[in-house]
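Chain and residue survey
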Amino acid sequence: MEGEADRSDASADASALRKKHLAMLERLSNRHQSSSRPDKPGSSPPPAAASFESTSSFLSLFGESKRSIESRLGQCRLADPSLLKLQFDEISTSIADLEKLVAESSYYLPSYEVRSSLKAVSDLRQALDNLSSELIPKKKFSFKNKPARKEPTAPQPKGAEAENRDSRPAAKAGSLAVAVPDSPGFRNRANEVLAKDVRGLEIGEFTLSDLESCEVRLIGCARALFVHRLRNCRVYAGPVTGSVLIEEAENCVFLLASHQIRIHNAKASDFYLRVRSRPIVEDCSGVRFAPYRLHYRGIERDLEDARLGEETGNWSKVDDFKWLRAAQSPNWSVLPENERIETVDISNLSA
Amino acid sequence: MGLLSIIRKIKRKEKEMRILMVGLDNSGKTTIVLKINGEDTSVISPTLGFNIKTITYQKYTLNIWDVGGQKTIRSYWRNYFEQTDGLIWVVDSSDLRRLDDCKMELDNLLKEERLSGASLLIFANKQDIKGALTPAEIAKVLNLEAMDKTRHWKIVGCSAYTGEGLLEGFDWLVQDIASRIYMLE
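A few points on the structure. Every value quoted in this text rests on a predicted model; they were computed, and no experiment measured them.

Digging into helix α3 (residues 81-105) of chain A
For α3 of chain A, built from 25 residues, the straight-helix expectation of 36 Å at 1.5 Å per residue is met to within 8% by its first-to-last C-alpha distance of 36 Å. Burial runs high along α3 of chain A: 18 of the 25 residues are buried.

Spelled out as structure tokens, the structure:
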């Protein structure tokens, strides 16, 4: 393999490579310079450019930062406990910078120096870890106790999952620390006809959630449609140019056209689809499929614009993620023709 | 210069990088891979299993493992952890409801020892959709600042639909992996 190397232009090549390498080093050092905080007390070693290809200057730089980190580690024991976390973070950043320095210098350093420097870095890190677990209770980025998982009600996974979900809104309020503007959609409604014409609104995603015995009529294109927890509903929707994601639907009828359709946890529902790719079901039972049957004035053009102008036949090519076998999945079926509904016309939105 | 070219030759063998691409279903993983490879993205079925794509990027060969994100097959992700140089976590920034799931799955992934050395790129995808959260908001929700300090990570907003942001993300990931591989020699 190595022999293939183009020897003829090797020198030109080498200088080009060298240039590239220098550029990369520069970018890297810029990056960690910009990422290190400005208020850090003289910790970050200067980027490698200054010490380019000199082992002794590397060693003195390295030694200096190492001593500085060690002394700051020592000071942590005397520090105000409330500031500890901040200090550890700063030290940790310094150690990472030091490691980066080694990485950037490694190609000209003798291998012994590389090894011993890396060892020193890992020792520093170890010392920091020991100290931080000693001084502050370890706070790892993890969910160690997810009680919902182990609840005694676990026998039926479906039940456990429902509980899990119910406990979520609280968690969500906490974790969604950002202010989320209410996205367009219909939520928490019952026994209503919910209609919306989104043409000309440049709508992004549209959400239908927690609806009971409603009829939803959507005219025009959306980029994405999210459906969550619907019971006894009929959903008549114009084309979706991105994807549709349905979770938890029971006794519903959907008329949907989209590039991708994913259906999770649906029971006893009928789907009249036009879809560019294969629809998928997961954790579903008693779901049936048929071709799209929706009409409103101008739907042909909307479908065309959404590149859904033609019937693809994909409505019947359903992948069941819970049934990875060649035989037909027992969870879904093709809706017999004599049970299919007539074309639904929603031209008159409010009727 | 002589030394550098010798090292280059040693490195030639290591110009391959293994990238694992995961995230919830419907986040746009396959679309990202196809888009960056310049392929048609208009017909993509949800991934039942995985796709492997080998692409040449800058002077590296990237082996990208794009593993399906449906709940049923998430438990198989771990079969792909070994030897991973770079991890790409893809987020559907317009799917606000499932951000908790997203955070939980990412947390689980990052606990994985075999991925501890991998550089982590987070793609806040679907930025083209109106109402999508910004990368900064996603970073906050996922609490990325609390991540283990030894992890190399970056979050980049992107749209697999328009292609925006994809190169920025891959540039960073490839450079970051390259700089680590240098260190090991």
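Some words on the nonpolar core
Where a protein is soluble and globular, its nonpolar side chains tend to be buried together. Of all hydrophobic cores here, the largest spans 37 residues; its most connected members are Leu-208, Phe-254, Leu-256 and Phe-289 of chain A. Those elements that place two or more of their residues in this core are β3 (205-212), β4 (215-219), β5 (224-231), β6 (234-250), β7 (253-267), β8 (270-275) and β10 (287-291) of chain A. Per element, the largest residue contribution to this core is six residues, and it comes from β6 of chain A. Sequence-distant contacts of Leu-208 of chain A, defined by excluding residues within four places in its chain, comprise Phe-186, Val-216, Leu-225, Phe-226, Val-227, His-228, Leu-230 and Val-235 of chain A. Formed by 30 residues, the second largest nonpolar core is a distinct cluster that contains Trp-65, Val-67, Tyr-80 and Leu-106 of chain B.

Describing the pattern of salt bridges
Overall, the coordinates contain 27 salt bridges over all chains when judged by the stated rule. Residues Lys-103 of chain B and Asp-107 of chain B are paired through a salt bridge, measuring 3.3 Å at the closest nitrogen-oxygen approach. Of the two residues, Lys-103 of chain B and Asp-107 of chain B both sit in helix α4 (residues 99-110), four residues apart, roughly one turn of that helix. The same class applies to Lys-103 of chain B and to Asp-107 of chain B, which are both buried. Linked through salt bridges whose partners overlap, the residues forming this network are Glu-247 of chain A together with Asp-25, Arg-74, Asp-95, Arg-97, Arg-98 and Glu-105 of chain B.

Rules of the game
Residues numbered from 1 in each chain as written. Chains lettered and ligands numbered in written order. Predicted model: local features only at pLDDT ≥ 70, side-chain atom pairs only at ≥ 80, totals over all residues. Heavy atoms only, no water. Helix = DSSP H or I, 4+ residues; strand = E, 2+ residues; numbered from the N terminus. Expected span 1.5 Å × (residues − 1). Buried < 20%, exposed > 50% of the residue type's maximum accessible area, 1.4 Å probe, protein only. Core = buried A, V, L, I, M, F, W, Y, C linked by side-chain atoms within 4.5 Å. Contact = heavy atoms within 4.5 Å. Salt bridge = Lys/Arg side-chain N within 4 Å of Asp/Glu carboxyl O.

Nothing here speaks to function; it is all geometry.
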